[in-house]
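Understanding the architecture of this molecule
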Amino acid sequence: MKIGYPCINLSLDCRSSRTFRLKNYSEKRLKEIIKSNLDCLLNILKYNKENRIHFFRITSDLIPFASHSIMNFYWQKYFKSDFWQIGQFIKKNKMRITMHPGQYTVLNSINQKVYKNSLLDLAYHVEVLDLMELDSKAKIQIHVGGVYQNKQESINRFIKRYNSLDDNIKRRLIIENDEKSYNLNDCLQIHKKTEIPIVLDVYHHECFNSGESLSEAFKLFFKTWYDEDGIPIVHYSSQKVGGKKGNHANEIDLNHFEQFIKNTLDFNFDLMLEIKDKEKSVLKAMKLIKNDPRFNSD
DNA sequence: TCACGTCAAGCAGAT
DNA sequence: ATCTGCTTGACGTGA
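Within any chain, residue numbers begin from 1 and follow the written order of that chain's sequence. Following the order in which they are written, the chains are lettered starting with A and the ligands numbered starting with 1. With the structure being a predicted model, the display of local features is reserved for residues of pLDDT at least 70 and the display and counting of side-chain atom pairs for 80 or more, all residues being used for whole-chain, interface and lining totals. Note that water and hydrogens are dropped before the side-chain values are worked out from all heavy atoms of the structure.

1. Some remarks on the environment of Met 272
Helix and strand definitions here come from DSSP, where helices need a minimum of 4 consecutive H or I residues and strands a minimum of 2 consecutive E residues; each element is numbered from the N-terminal end. Its place among the elements puts Met 272 in strand β8 (residues 270-273). Residue Met 272 is classed as buried on the basis of its relative accessible area, which comes to 0%. For this analysis, residues touch if any pair of their heavy atoms sits within 4.5 Å. The residues contacting Met 272, other than those within four sequence positions of it, are Gly 4, Tyr 5, Pro 6, Phe 55, Phe 56, Arg 57, Thr 98, Val 234, His 235 and Tyr 236. Exposure is judged per residue with a 1.4 Å probe applied to protein chains only, and the accessible area is read against the type maximum: over 50% gives exposed, under 20% gives buried, and values in between give partly exposed.

2. Overview of the protein's contact with DNA strand C
A cutoff of 4 Å decides nearness: a residue is near a molecule or strand if any of its heavy atoms lies inside that distance of it. The local shell around DNA strand C holds 19 residues, among which Arg 21, Asn 24, Arg 29, Pro 101 and Gly 102 are the closest. Sugar plus phosphate, as a fraction of atoms of DNA strand C within 4 Å of the protein: 59%. Pairing of N or O atoms within 3.5 Å defines a polar contact, subject to two protein rules: one partner must be a possible hydrogen donor and the other a possible acceptor, and residues neighboring in sequence count only if both atoms are side-chain atoms. The separation between a base oxygen of DNA strand C and a polar side-chain atom of Gln 103 is 3.1 Å. Within the side chain of Lys 278, a nitrogen or oxygen atom sits 2.9 Å from a phosphate oxygen of DNA strand C.

3. Topic: the protein's contact with DNA strand B
If you check the shell around DNA strand B, you find 13 residues, and the closest are Arg 21, Leu 22, Ser 109, Val 147 and Tyr 148. For DNA strand B, the backbone portion of the atoms within 4 Å of the protein, that is sugar and phosphate, comes to 50%. Taking Arg 21, its side chain carries an N or O atom lying 3.0 Å from a base oxygen of DNA strand B. Within the backbone of Val 147, one N or O atom sits 2.7 Å away from a phosphate oxygen of DNA strand B. The classification used treats Ala, Val, Leu, Ile, Met, Phe, Trp, Tyr, Cys and Pro as nonpolar, Asp, Glu, Lys and Arg as charged, and all other residues, Gly among them, as polar. For the surface near DNA strand B, the residue count by class is 6 nonpolar, 5 polar and 2 charged.

4. Thoughts on the packing of aromatic side chains
Geometry of aromatic contacts follows a simple scheme: Phe, Tyr and Trp rings, the Trp one being its six-membered ring, pair when their centres are within 6.5 Å, and the pair is stacked under 30 degrees between planes, edge-to-face over 60, tilted otherwise. Applying the stated criterion across every chain, the model contains 20 aromatic pairs. A centroid spacing of 4.9 Å and a plane angle of 75° characterise the contact between Tyr 78 and Phe 79, whose relative ring orientation is edge-to-face. Since its relative accessible area comes to 47%, Tyr 78 is described here as partly exposed. With 5.5 Å between their ring centres and 80° between their planes, Phe 218 and Phe 221 make a pair best called edge-to-face. Separated by 3 residues within a single helix, Phe 218 and Phe 221 lie in helix α9 (residues 214-222), roughly one turn from each other. For Phe 221, a relative accessible area of 0% translates into the label buried. Through pairs of rings, three or more aromatic residues link up here, namely Phe 218, Phe 221, Phe 222, Tyr 236, Phe 257, Phe 260, Phe 267 and Phe 269. Sitting above the plane of the Tyr 115 ring, Arg 161 keeps its charged end 3.7 Å from the centroid. For a ring to carry a charge above it, either NZ of a lysine or CZ of an arginine must fall within 6 Å of the ring centroid while also lying within 35 degrees of the normal to the ring plane.

So this is what it looks like as structure tokens:
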């Protein structure tokens, strides 16, 4: 079991997600920002190594406007050695990496332009991981997408479009159950027709399910992962204290977390903490389970 | 230096 | 109709 966090490290004063306004676009600006983002990413990974954090989600903003039509700069070649160096560091330290395209990537959209842009954005995410020479255990997670007043048709459209993707995209793509449109049961239906692995978000599952208990949900989603996909991934968060349903907590609730860990003792998985204070909660969680035999066993 | 409106992009649900 | 949340505040103009 590895425990990780997404995109931003609050203990460091750099961001790997710097961007700028489209109207201020220039190649010079772009190069500077990308370089700064890549340098910061390596700094975050070094911080993670020192703190024994071996799971991390790389921000989609690493390369600003990567899948936008304005982009005519061959960043893949220009920064090839930077990507390679980061990839070597990741592999040498046995780190697990994921990425998560934004809300604008909707594979099952009924709008052709949105669909087309989604394909470009997926290709960009794949390129980042490929340039780092990471294997198929490095994953790109998306949600199923929109419902468009007809869930079954929208599921079928997802299946059809997923199956038409290139293998270099499919080998990395995984879907996550969400809290309002597509739950675990829906994802399992898609898995049957596509073999796509499912990330279980336990908080989303709590908000929206088909009656499966947590351990039932674990048994079901574990079967969707194959050897080449690596250890199954779980997302964890809890509800913000006093916040609305769906809001992510600002800091980890260690009592809730301990209960979750006790309820999942039969499973070994990598755990992404989606909590606002990022690495701070990871360090607390790691301290709590440092004697758990699953922890860093791989 | 700082406040705050805006930022490439979609969708659903709440208000 | 407008706002909020999502992976996430950062950018940058104008005072």
